[in-house]
Amino acid sequence: MFNEIESSKTMKKNPSLVLPGAQGNWSRAARQVIAAGALLLSLSSAIAQTAISTLAGSSPAIASGNVEGSGTAARFNALASVAVDSTGNIYVADANNHTIRKVTAAGVVSTLAGSGVAGSANGTGAAASFRFPQGVATDGTNVYVADTYNHAIRQIVISNGLVTTLAGTVGTSGLANGTGVAATFNSPLGLAVSGTDLYVADTGNHSIRKIVIGSGAVTTFAGTAGTNGFADGTGVLATFKNPGAIAAEGTTNLYVADTANHTIRKIVIAGGGVVTTLAGTGNGTGGSTDSTGAAASFKLPGGLVVSGANLFVADTGNNTIRQITLTGTVGVVTTIAGSAGAIGTTDAIGTAARFQGPTGIGVSTGGTLYIADTNNHTLRTGAAAAAPTVTNPAAATVAVGANPTFTVTTTGNPTPTIQWERQAANTTGFAPISASATYTGVGTATLTVTNATLAMTGDQFRASVTNGVGAAVVSAIPATLTVQLAPTISSAATANFSVNTAGTFTVTATGSPAPTFTVPAGTFPSWASLNGTTGVISGTPTNNTGSPFSFTLRASNGVTPVSDQAFVLTVQNGAVIGTPPANTAVALGAVATFGVVASGTPATFTYQWYRSAGGVGGFLAMTDVAGVYSGSTTATLTISSTTLAMTGDQFRVDVSNGVGVTASSVS
């Protein structure tokens, strides 16, 4: 019989829960074995290449605790078994926390029932208590719990967390059949729902028990209660040795992890429960051989789940997940994840993944395996490995100084890793981007470029993804970055044209893309035109009527804001002598003056007087001579102290305002 005192001592020494070994003592090798209840879920094919990842618990690795949270922020303590309902919710027997936890498919962990302290109280939620619960199964309405150290089967209503005792005498081990609390169990570990019945791997009694859920009536379905062995047979004529887990294939068959016999047994439900050995060698030592039927070997298998045409096994002592075919060539055993004898926490594909004493396994309707990695205190997932895919990031057009982002969506199992790559404008070849002040998120789904510059215009970005399945995949169409600069007019705000002279003025502006030019307001001269692309104002005024012209010049390039400039265009005409210098006759020694009056735009003139001696030679530019000539560069020339020799001298004045030709007059 199972020795409760020895068990308790072992529990206190090393609380990772286990199976009773020979003579009822808890063997060291078996201390990692915890069974998982399982449901039949309709999947049609095996997981050919399995990708393992961590859904919840333990970051850093192998960190135990009792914390609700999401993903690796949550904590478990020797989670023992897994059951999954049809909506994708996962129920976990968190054995050393004495609780039943609920985990969503997204990895959000909460406590369905249990106070966290060992006990046996019925109640709702945290008011109830368990004592090292190690098996769970669900029918979608209730979660059934193998409350191992209370030797009882408990029931939790999922909708409200109400806990009651379905069968078994709490705190008392035994092998009595009966109804409800009149029945007794001995350290039950595994559970499976089949129709309206609940089957129990009654580990310490080496038997499979049946409970009618509606009444709580308990009978021994298979195995010789209280006697261990390794014999096929019908019903109680068969023998098991510490069966640790059980799974149902609808209402047709049961599969049993006959843990201490290192085998997987099959029970046909109809006809009295015919027991046969599906796979494994009951040799007492176990092994890790992949083969068919009895040629294959297991080591302390602790969890089972049926998925369509396959049975999946948490092969606890080998730290692996195994697959057994149920159709075609029946009993073909393959290792799909983990490596026999190797422990660790690695998420990877197939045999590159690592576990540490996985004891429970369940499956969703979508085919995802959920694995209670007991001694790593984590809930792991296993799903068909799929090569990565990645979408194309969208192009971005931003202003200078903005922080554009590029985003992709990836698929694949395991979740792909992402590396952003860049091809600089006007170059060939993409290169990985390193994290910097300019580029962040280089290994995430969203790349951010900080403080974009004009020099980045034309840069292209793509994501390269890989997950160990096949070759790396890159975005088929990279995203192009266009950096724009709002326009600013940089040229002068005035221009001068001359009457009857063809003139041009070029409006210039900064900005990217190159701005175009318009006149949105004001009076633009009718004789002029503006080239909107080049910014050239051109034309030939015939007069200066309407001058100066005031209007608004606008530069725009689609980037806000536009640039407006108040502009003045002035039409100028050359100097015109309206009043020429007059001939002058003066007495000897008198002062003679010659004056000129000019007009023009602008009305600022320069003057230069010239003299032709006696009027017979050429004209020479004059300069002021003290006491003789003054005002040689003004509008009035003055001759002091005239002499007879000056008679007949001619004087000419040239007048200019910088526009057109110089006006000239002689006196």
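Residues numbered from 1 in each chain as written. Predicted model: local features only at pLDDT ≥ 70, side-chain atom pairs only at ≥ 80, totals over all residues. Heavy atoms only, no water.

## So, the overall build of the protein
Argument step 1. Across its full length, the protein carries 1 helix and 56 strands.
Argument step 2. Taken against the 2.2 N^0.38 rule, which gives 26 Å for 667 residues, the C-alpha radius of gyration of the protein at 49 Å runs more than 25% over that of a compact globule.
Argument step 3. Across its three principal directions, the C-alpha atoms of the protein cover 165 × 50 × 40 Å.
Argument step 4. The buried share of the protein, reckoned over its 667 residues, is 51%.
Argument step 5. The contacts of the protein with a sequence gap of at least 6 include a subset with a gap of at least 24, amounting to 53%.
Argument step 6. Roughly 25700 Å² of accessible area belongs to the protein as shown, and the carbon and sulfur atoms make up 54% of that amount. (Helix = DSSP H or I, 4+ residues; strand = E, 2+ residues; numbered from the N terminus. Rg over C-alpha atoms; globule rule 2.2 N^0.38 Å. Buried < 20%, exposed > 50% of the residue type's maximum accessible area, 1.4 Å probe, protein only. Contact = heavy atoms within 4.5 Å. Areas by Shrake-Rupley, 256 points an atom, 1.4 Å probe, with all protein chains shown as cover.)

## Overview of the pattern of salt bridges
Argument step 1. The full count for this structure, using the stated rule, is 15 salt bridges.
Argument step 2. A salt bridge links D459 to R422, with the shortest nitrogen-to-oxygen separation between them at 3.0 Å. With D459 in the loop between β37 (446-449) and β38 (460-466) and R422 in strand β34 (residues 417-423), this residue pair connects regions lying 37 residues apart in the sequence.
Argument step 3. Exposure remark for R422: the relative accessible area of 29% places this residue in the partly exposed category.
Argument step 4. Here D564 ties to R554 by a salt bridge, and the two come within 2.7 Å at their closest N and O atoms. Of this pair, D564 sits in strand β48 (residues 563-579) while R554 sits in strand β47 (residues 549-556), and the two are 10 residues apart along the sequence.
Argument step 5. Linked by salt bridges that have partners in common, D232, D258 and R265 make up one network. (Salt bridge = Lys/Arg side-chain N within 4 Å of Asp/Glu carboxyl O.)

## A word on the sheet that holds strand β45 (residues 528-530)
Argument step 1. Read across the open sheet, the 3 strands follow the order β42-β46-β45; overall the sheet is antiparallel. The two strands at the open ends of the sheet, each matched to only one other strand, are β42 (503-506) and β45. Each strand axis lies, on average, 15° off the axis of its neighbour in the sheet, ignoring direction.
Argument step 2. Summarising the sheet, β42 and strand β46 (residues 536-539) pair through 4 bridges and their orientation is antiparallel. Residue T506 lies in a different strand from β46, and its bridge partner there is V536. (Pairing = 2+ DSSP bridges. Axes fitted to C-alpha atoms, helices over the stretch in contact; angles between N-to-C directions.)

## Quick notes on the pairing of strand β27 (residues 358-363)
Argument step 1. When you tally the buried positions in β27, you get 6 out of 6 residues, the bulk of the element.
Argument step 2. As judged from the 5 bridges shared by β27 and strand β28 (residues 369-373), these two strands associate in the antiparallel manner. Looking across to β28, one finds that G360 is bridged to A372.
Argument step 3. What sits between β27 and β28 in their antiparallel hairpin is a turn of 5 residues, with G367 showing a positive phi close to 100°.

## A closer look at the sheet that holds strand β36 (residues 439-440)
Argument step 1. Taken together, 3 strands build an open sheet; the order of strands is β32-β37-β36 and the sheet is antiparallel. Of all strands in the sheet, those bounded by a partner on one side alone are β32 (405-407) and β36.
Argument step 2. By the bridge criterion, 3 bridges tie β32 to β37 in an arrangement that is antiparallel. When the bridges of β37 are listed, T405 appears paired with T448.

## What to know about the packing of aromatic side chains
Argument step 1. The tally for this structure, following the rule as stated, stands at 11 aromatic pairs.
Argument step 2. Between F132 and Y149, the aromatic rings sit 5.3 Å apart at their centres with planes inclined by 65°, giving edge-to-face as the arrangement. In this pair, F132 sits in the loop between β8 (123-124) and β9 (135-138) while Y149 sits in the loop between β10 (142-147) and β11 (152-157), placing the two residues 17 residues apart along the sequence.
Argument step 3. Given a relative accessible area of 16%, F132 falls into the buried group.
Argument step 4. With relative accessibility at 13%, the residue Y149 sits in the buried group.
Argument step 5. Relative to F567, the ring of F551 has its centre 5.3 Å away and its plane inclined at 35°; by these criteria the two rings are tilted. Note that F551 is positioned in strand β47 and F567 in strand β48, a separation of 16 residues in sequence. Here F551 and F567 have matching classes, each one buried.
Argument step 6. Each residue in the set F505, F524, F551 and F567 is aromatic and connected to the rest through ring pairs, giving one cluster.
Argument step 7. A cation over an aromatic ring shows up here: R652 above the ring of Y610, its NZ or CZ 4.3 Å from the ring centre. (Phe/Tyr/Trp six-rings, centres within 6.5 Å; stacked < 30°, edge-to-face > 60°. Lys NZ or Arg CZ within 6 Å of the ring centre and 35° of its normal.)

## Let's talk about the environment of A493
Argument step 1. Relative to the helices and strands, A493 resides in the loop between β40 (479-489) and β41 (494-498).
Argument step 2. Sequence separation between A493 and G503 is 10 residues; the distance between their C-alpha atoms is 16 Å.
Argument step 3. The residues touching A493, leaving out its near neighbours within four places in the chain, are Q565, A566, F567 and V568.

## A short note on the confidence of the model for the protein
Any segment with low pLDDT has predicted coordinates that should not be analysed in fine detail.
Argument step 1. Of the residues in the protein, 93% reach a pLDDT of 70 or more, and the chain-wide mean stands at 91.
Argument step 2. Across residues 1-47, confidence stays below pLDDT 50; counting only partners more than four residues off in sequence or on other chains, it has 159 contacts. (pLDDT = per-residue confidence, 0-100.)

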